[in-house]
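Residue strings, one per chain:
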Amino acid sequence: MRRQRSKTEGNRINPVSGRQLEECQTKEGTAGSMRRKHGAAAGEMEQLAKLLLWQMVLQQSSVHLYSVPADASNPQDSVVVSVLNISAAVGSQAVLPCKSYRMVWTQDRLNDRQRVVHWDVYSSYYGDNKMERLCDMYSAGAQRVYSSYNQGRIFMPQNAFTDGNFSLVIKDVAESDAGTYSCNLHHHYCHLYETVKIRLDITKKAEDANQYWDGEMPVIVALQGSTVMLPCVNHNHIWTERHSEEEQQVVHWDRQPPGVPHDRADRLIDLYASGERRSYGPLFIRQKMNITDTAFALGDFSLRISELESADEGTYSCHLHHHYCGLHERRIYQVFVTEPVREKKVVNLTTHNVAPAVDPNVVRGHNVINVIIPESRLHFFQQLGYILATLLLFVVILIIVVLITRKRRQRGRMSI
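None of these values were measured; they are calculated from a predicted model.

Q: Can you walk me through the nonpolar core in this structure?
A: Within soluble globular proteins, side chains that are nonpolar generally end up buried alongside one another. Core analysis: the biggest nonpolar cluster contains 32 residues, and W119, F166, L168, I170, Y181 and L230 have the highest contact counts within it. If near-sequence neighbours (up to four positions away) are discounted, F166 is found in contact with V117, W119, M156, A160, F161, C183, L185, C232, N234 and W239. The next biggest cluster of nonpolar side chains, apart from the first, holds 28 residues, and it includes M103, M289, A295 and L303.

Q: I keep staring at the packing of aromatic side chains and nothing clicks. Help me out?
A: Each aromatic ring pair is described using two quantities: the centre-to-centre distance and the angle formed by the ring planes. Per the stated rule, a full pass over the model turns up three aromatic pairs. Between the aromatic rings of F161 and F166, the centroid separation amounts to 5.2 Å while the plane-to-plane angle is 75°, which identifies the pairing as edge-to-face. Residue F161 shares its accessibility class with F166, and that shared class is buried. Seen in terms of ring centroids, F296 and F301 are 5.0 Å apart; in terms of plane orientation they differ by 75°. Their pairing is edge-to-face. Residues F296 and F301 agree in their burial class; the two are buried.

Q: In this structure, what is going on with the sheet that holds strand β6 (residues 154-155)? I would like to understand it.
A: In sheet architecture, strand pairing relies on hydrogen bonds along the backbone and comes in two forms, parallel and antiparallel. Taken in spatial order, the three strands of this open sheet run β6-β7-β12, and their pairing is antiparallel. Pairing within the sheet leaves two strands with one partner each, and these edge strands are β6 and β12 (228-230). Bridge count for β6 against strand β7 (residues 168-170) is two bridges, and the pairing is antiparallel. Within β7, the position partnered with I154 by the bridge is I170.

Q: In this structure, what is going on with the sheet that holds strand β19 (residues 327-338)? I would like to understand it.
A: Spatially, β1-β19-β18-β13-β14-β15 is the arrangement adopted by the six strands of the open sheet, whose pairing is mixed. Each of the sheet's edge strands pairs with one partner strand only, and the pair in question is β1 (79-89) and β15 (277-279). Between one strand axis and the next, the sheet turns by 15° as a mean value, whatever way the strands run. Examined bridge by bridge, strand β18 (residues 314-322) and β19 share nine bridges and lie antiparallel to one another. Bridge assignment links H319 to a residue of β19, and that residue is R330.

Q: Please explain unusual backbone geometry as it appears in this structure.
A: When glycine is set aside, most residues are seen to have a negative phi, and most peptide bonds are trans. Not every positive phi belongs to a glycine, and D172 is a case in point at roughly 50°. By the secondary structure assignment, D172 is in the loop between β7 and β8 (179-187). Overall, the relative accessible area of 49% leaves D172 in the partly exposed class. If you check the backbone angles, E307 has positive phi at about 50° while not being a glycine. Along the chain, the position of E307 falls in the loop between β17 (303-305) and β18.

Q: For this particular structure, what's the right way to read the environment of I291?
A: Mapping I291 onto the fold places it in the loop between β16 (289-290) and α7 (295-298). The class for I291 is buried, based on a relative accessible area of 3%. Considered as a pair, I291 and R277 are 14 residues apart in the sequence and their alpha carbons are 9.7 Å apart. In contact with I291, other than residues within four places in its own chain, are W253, I269, L271, R277, D300, F301, S302 and L303.

Q: Before we go on, may I ask you to explain the state of the cysteines in this structure?
A: Put plainly, a disulfide is one covalent bond tying together the sulfur atoms of two cysteines. Throughout the structure, instances matching the rule amount to two disulfides. Disulfide partner of C98: C318, at an S-S distance of 2.1 Å. Disulfide C98-C318: torsion about the S-S bond near -75°, hence left-handed. In this pair, C98 sits in the loop between β2 (94-96) and β3 (115-123) while C318 sits in strand β18, placing the two residues 220 residues apart along the sequence. C318 matches C98 in its accessibility class, with the two residues each being buried. Paired through a disulfide, C183 and C232 show a sulfur-sulfur distance of 2.1 Å.

Q: Mind showing me how you'd approach the pairing of β3 here?
A: Regular strands show a simple pattern: their side chains alternate between the two faces of the sheet. Taking burial as the measure, the nine residues of β3 include eight buried ones, the bulk of the element. Bridge analysis of β3 against β8 gives eight bridges, and the strand direction is antiparallel. Considered in β8, the bridge of Y122 is made with T180. Pairing geometry for β3 and strand β4 (residues 130-138), over eight bridges, is antiparallel. Residue V121 lies in a different strand from β4, and its bridge partner there is E132.

Q: For this particular structure, what's the right way to read the pattern of salt bridges?
A: A side chain of one charge can pair with a side chain of the opposite charge if their charged atoms are brought near each other. Tallied over the full model, the rule gives twelve salt bridges. Put simply, R277 and D293 hold a salt bridge, and the shortest N to O gap is 3.0 Å. Here the residue R277 occupies a position in strand β15, and D293 occupies one in the loop between β16 and α7, the gap between them amounting to 16 residues. Looking at R277, the relative accessible area reads 31%, which means it is partly exposed. If you follow the salt bridges from partner to partner, you end up with R199, D201 and D214 in one network.

Q: Looking at this model, I keep getting lost on the confidence of the model for the protein chain. Mind explaining?
A: For residues with low pLDDT, the predicted coordinates do not support detailed interpretation. Per-residue pLDDT for the protein chain has a mean of 76; in total, 69% of the residues score no lower than 70. Scored below 50 in pLDDT, residues 24-28 makes four contacts in the model with residues more than four places away or belonging to other chains. Contacts of residues 53-75 to residues separated by more than four positions or lying in other chains number 35 contacts, the stretch itself having pLDDT below 50.

So, how was this worked out
- Residues numbered from 1 in each chain as written.
- Predicted model: local features only at pLDDT ≥ 70, side-chain atom pairs only at ≥ 80, totals over all residues.
- Heavy atoms only, no water.
- Core = buried A, V, L, I, M, F, W, Y, C linked by side-chain atoms within 4.5 Å.
- Buried < 20%, exposed > 50% of the residue type's maximum accessible area, 1.4 Å probe, protein only.
- Contact = heavy atoms within 4.5 Å.
- Phe/Tyr/Trp six-rings, centres within 6.5 Å; stacked < 30°, edge-to-face > 60°.
- Pairing = 2+ DSSP bridges.
- Helix = DSSP H or I, 4+ residues; strand = E, 2+ residues; numbered from the N terminus.
- Axes fitted to C-alpha atoms, helices over the stretch in contact; angles between N-to-C directions.
- Disulfide = S-S within 2.5 Å.
- Salt bridge = Lys/Arg side-chain N within 4 Å of Asp/Glu carboxyl O.
- pLDDT = per-residue confidence, 0-100.

So this is what it looks like as structure tokens:
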């Protein structure tokens, strides 16, 4: 487009005759290959200049004080459970509360007795409408049947915690077995409780035996004297497998300065149930922001920020991940730093020519000494890098201008 526009402008300024036009076209045809070569070279230089310019812009835009990805290692999204606004005065201590009893780490010293299944029945056969415990089984122990009447008559599969089949088998069912049964799965370590309810009806007619859904729970109509199985199946890995729990619990604290999106947040602290702790950023940041060492023992992962400054404002996030129990929660805190409110002291002055007494409660001002702290070496190199990048950009632009100017001069000479 630029080449065509220059041709039309030249025709408007210098009108020529038909013969002169033919001569110009002949000259242009002989020099076409040369112009195309120069044009291709100039185009390559322009593309190279644009590439260098974009690379410098990206490098300058990616400079941070401390830049650790917030959630790059976490493939699963966290569920936001709370958003709080916290305001504190300059120089004070702010506490960002982050607590979860499900994150409390308790080492299993009972040979994996933290997973248990038990079957209960709610029956009105004897007119007392009572709940009765039938049997239970721990993942590392044998099943226990509570009533001597049910010994050898009811049982669960021995490999229930291996294949996830917790169904209850009842032999020689009787009318007294009718009622509402509940299969209860408890994971005390993960604080998970799941219940499956089934209603069992007994009939004396074989043609009435049936299974259906009554809108609330499944109903099994069993023939008296037969063997019935009440299904309860759960193949979730926390019921069928064991993992090293302390290695799969981790807490992250992130911070977003004002105007920075969540995916560009800075990582502050990583804390693992095994005791490993990782702090990021400059030393003064690591010293003023911390979590207590008893976090996993109490389930309190609150972040304490001492000696607040206006630069501490922003959005803070507490990420709780319990990969074994399937817990992924995120709590968000908007932190605002305000100026401290100073109390005004009212002093009553009398009409006598007597100087007022010195009040010991009045705080006297101190002389302020301005101390200029020399900039760090890192800041010097950073500024030097900006200057060098600017000079490089200027040189690239100058080269582009020179190439364009030469190109136009050569085109003007050829047209003459």
